[in-house]
Amino acid sequence: MKRTVKTFFIPCLFVLLVGCSNDQEKQSTTSPPKQSTTSPSSPNQTQNNGPKNPSNNPSNSQQNITDNKNATLIHEIVTLAKVGTVKNCSFPADTTVIDQVIAKWGKPDQQDFVAGNRYFTYTSHGIVFGVNKGEQIFDVRSYSKEIQLITFDEVNGVLGKPNEIHYSNGDTIWVYNVNEKFQLKFIGSKSTINHISVFCPADAKNQMAG
């Protein structure tokens, strides 16, 4: 009876040992679970998921370009005004007489008399000269199309508040004293500028007047 029990016990023990060995082999040969390789937030995902920048809108970009262009133009206008002239004009106020203009540009398209002074209009150049009785230019005005795209708000944004503000015949006139000799005037009837004037007050007093 004891021999029978031993015979039965040994095979059972062998089966248990084999089973345990197989379980260990399975555990050792099974690859560990894969860890997530996705980064918490990649730059591309952040850009795609985030709100769109309004400055990327084509219309806004175009507006920014226009604003920057006008600001650059305003700075250029001031620089030229300090030497008495405007863009595309080589005849500064104070140091030029009207005969010098006529010699190069020919006769004006129009002459007007205002308060004892004459104004010579050169339509093709978009320029008007104010001339006193001594034939000296005291006022150089520009009616260029690019100037007429500038707004008073843009002028204020670049130059700040003017030294003086006047109103005449429906026009608003902003006056900036660019130096001791010259004033720069922005003139317009609405929100945009119609023309600018580089003005020499000392020469506007009808020099050589009778």
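Structure shown above.
Residues numbered from 1 in each chain as written. Predicted model: local features only at pLDDT ≥ 70, side-chain atom pairs only at ≥ 80, totals over all residues. Heavy atoms only, no water.

A. How the structure looks around the layout of surface pockets. Its volume calculated, the largest pocket comes out at about 410 Å³. As for the largest pocket, its lining consists of 17 residues, and the residues nearest its centre are Val114, Tyr119, Arg141, Ser168 and Ile173. (1 Å grid on protein atoms, 1.4 Å probe; cavity = no way out; pocket = protein on both sides within 12 Å on 5 of 7 lines; lining within 4 Å. Points joined across faces, edges and corners; volume = space filled by probe spheres on them.)

B. Here's a closer look at helix α5 (residues 152–159). Restricting attention to buried positions, one finds in α5 the residues Phe152, Glu154 and Val155. Looking down the long axis of α5, one finds its buried residues gathered within 160° of arc, a one-sided arrangement. Away from its buried face by more than 90 degrees, α5 exposes Asp153 and Gly157. At the exit of α5 stands glycine 160, carrying a positive phi of roughly 80°. (Buried < 20%, exposed > 50% of the residue type's maximum accessible area, 1.4 Å probe, protein only. Helix = DSSP H or I, 4+ residues; strand = E, 2+ residues; numbered from the N terminus. Arc of directions from axis to C-beta.)

C. Structural detail: the pattern of salt bridges. Enumeration over the complete set of coordinates arrives at 5 salt bridges. Its salt-bridge partner being glutamate 135, residue arginine 118 comes within 2.3 Å of it at the nearest N-O pair. Taken together, the positions of arginine 118 in strand β2 (residues 117–122) and glutamate 135 in the loop between β3 (127–131) and β4 (137–142) put the pair 17 residues apart, joining distant regions of the chain. In this structure, aspartate 139 engages arginine 141 in a salt bridge whose closest nitrogen and oxygen atoms are separated by 2.8 Å. Looking at aspartate 139, the relative accessible area reads 1%, which means it is buried. (Salt bridge = Lys/Arg side-chain N within 4 Å of Asp/Glu carboxyl O.)

D. Looking closely at the packing of aromatic side chains. In total, this model carries 9 aromatic pairs according to the counting rule given. On the basis of an interplanar angle of 80° and a centroid distance of 6.2 Å, the ring pair of phenylalanine 91 and phenylalanine 129 is categorised as edge-to-face. Of this pair, phenylalanine 91 sits in the loop between α3 (58–81) and α4 (98–105) while phenylalanine 129 sits in strand β3; the two residues are 38 residues apart in sequence, bridging distant segments of the chain. A relative accessible area of 4% means that phenylalanine 91 is categorised as buried. The class of phenylalanine 129 is buried, set by a relative accessible area of 0%. (Phe/Tyr/Trp six-rings, centres within 6.5 Å; stacked < 30°, edge-to-face > 60°.)

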